[in-house]
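The residues making up each chain are set out below.
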Amino acid sequence: MVADSGINAIADELDSVHASARQAFCTRDIDAYRNFFTEDLRYVQPDGKQIGRDELMRDVRKQLAQFKTVDSVMTRETIAMNDDGTVTQIVEQNGVYSVAIFVIFTKTWSIMRRGKYTYRKTADGWRICDVEVI
């Protein structure tokens, strides 16, 4: 078991990872965003379908191409160290997206979702290796 100060330090590291991933997402830097996920990523969509990192990045690229502006903020609900050295968080994600309509108008909407994110420590730092959208 990891002491509270140890899990707090890991939480701080994961917050830094999230800040960098958010920056890459908002600036539509797909190559940088891809690096926040392990090559063997398992991503479980709300409908239960599992996809890998390459398919996730194709989906993200398509989605970002549709939007005029994007932003997303994650709030941690829980964090736990797993026996295999990975760390799992339950987070709430709030996103704001807008599209241009006839150049003059903008439609904006918000989405909220919860997810279970598992991170593995790699040579490049903490990377997401498993996601389950709840």
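Going by the structure above, here's the rest.
Quick caveat: nothing in here was measured; it's all calculated off a predicted structure.

Engineer: Just to check I follow, could you spell out the sheet that holds strand S1 (residues 37–44) for this structure?
Structural biologist: Paired through backbone hydrogen bonds, the strands of a sheet run either parallel or antiparallel to each other. Taking strand neighbours across the sheet as the criterion, the six strands line up as S2-S1-S6-S5-S4-S3 in an open arrangement whose pairing is mixed. One side of each edge strand has no neighbouring strand; the edge strands of this open sheet are strand S2 (50–51) and strand S3 (69–81). Pairing between S1 and S2: two bridges, direction antiparallel. Each residue of the ladder has a partner; that of Tyr43, found in S2, is Ile51.

Engineer: Even after reading the chapter, I still don't get the packing of aromatic side chains, so can you show me in this structure?
Structural biologist: Each aromatic ring pair is characterised by the separation of its centres together with the angle its planes make. Scanning the model with the defined rule gives four aromatic pairs in all. Geometrically, the ring pair formed by Phe25 and Tyr33 is tilted, given 5.5 Å between the ring centres and 50 degrees between the ring planes. The class for Tyr33 is buried, based on a relative accessible area of 15%. Put simply, the rings of Phe25, Tyr33 and Phe37 touch in pairs and so form one group of aromatic residues.

Engineer: I would appreciate a short explanation of the nonpolar core in the present structure.
Structural biologist: Burial of nonpolar side chains together is a common tendency in soluble globular proteins. Grouped together as the largest cluster of nonpolar side chains are 29 residues, with contacts concentrated most on Tyr33, Phe37 and Leu56. By residue number, the principal contributor to this core is helix H1 (residues 4–26), which donates six residues. For Phe37, the residues in contact, after removing those within four places along its chain, are Arg53, Leu56, Met57, Arg127 and Ile128.

Engineer: Looking at this model, I keep getting lost on the pattern of salt bridges. Mind explaining?
Structural biologist: Pairing between side chains becomes possible if they bear opposite charge and their charged atoms approach one another. This structure, assessed with the given rule, holds eight salt bridges. We note a salt bridge from Asp71 to Arg22, for which the minimum N-O separation is 2.8 Å. Here Asp71, found in strand S3, pairs with Arg22, found in helix H1; they are 49 residues apart in sequence, far enough to count as distant. A salt bridge links Arg34 to Asp54, with the nearest nitrogen and oxygen atoms 3.1 Å apart.

Reading the values: the criteria
Residues numbered from 1 in each chain as written. Predicted model: local features only at pLDDT ≥ 70, side-chain atom pairs only at ≥ 80, totals over all residues. Heavy atoms only, no water. Pairing = 2+ DSSP bridges. Helix = DSSP H or I, 4+ residues; strand = E, 2+ residues; numbered from the N terminus. Phe/Tyr/Trp six-rings, centres within 6.5 Å; stacked < 30°, edge-to-face > 60°. Buried < 20%, exposed > 50% of the residue type's maximum accessible area, 1.4 Å probe, protein only. Core = buried A, V, L, I, M, F, W, Y, C linked by side-chain atoms within 4.5 Å. Contact = heavy atoms within 4.5 Å. Salt bridge = Lys/Arg side-chain N within 4 Å of Asp/Glu carboxyl O.

This is a description of form; function is not addressed.
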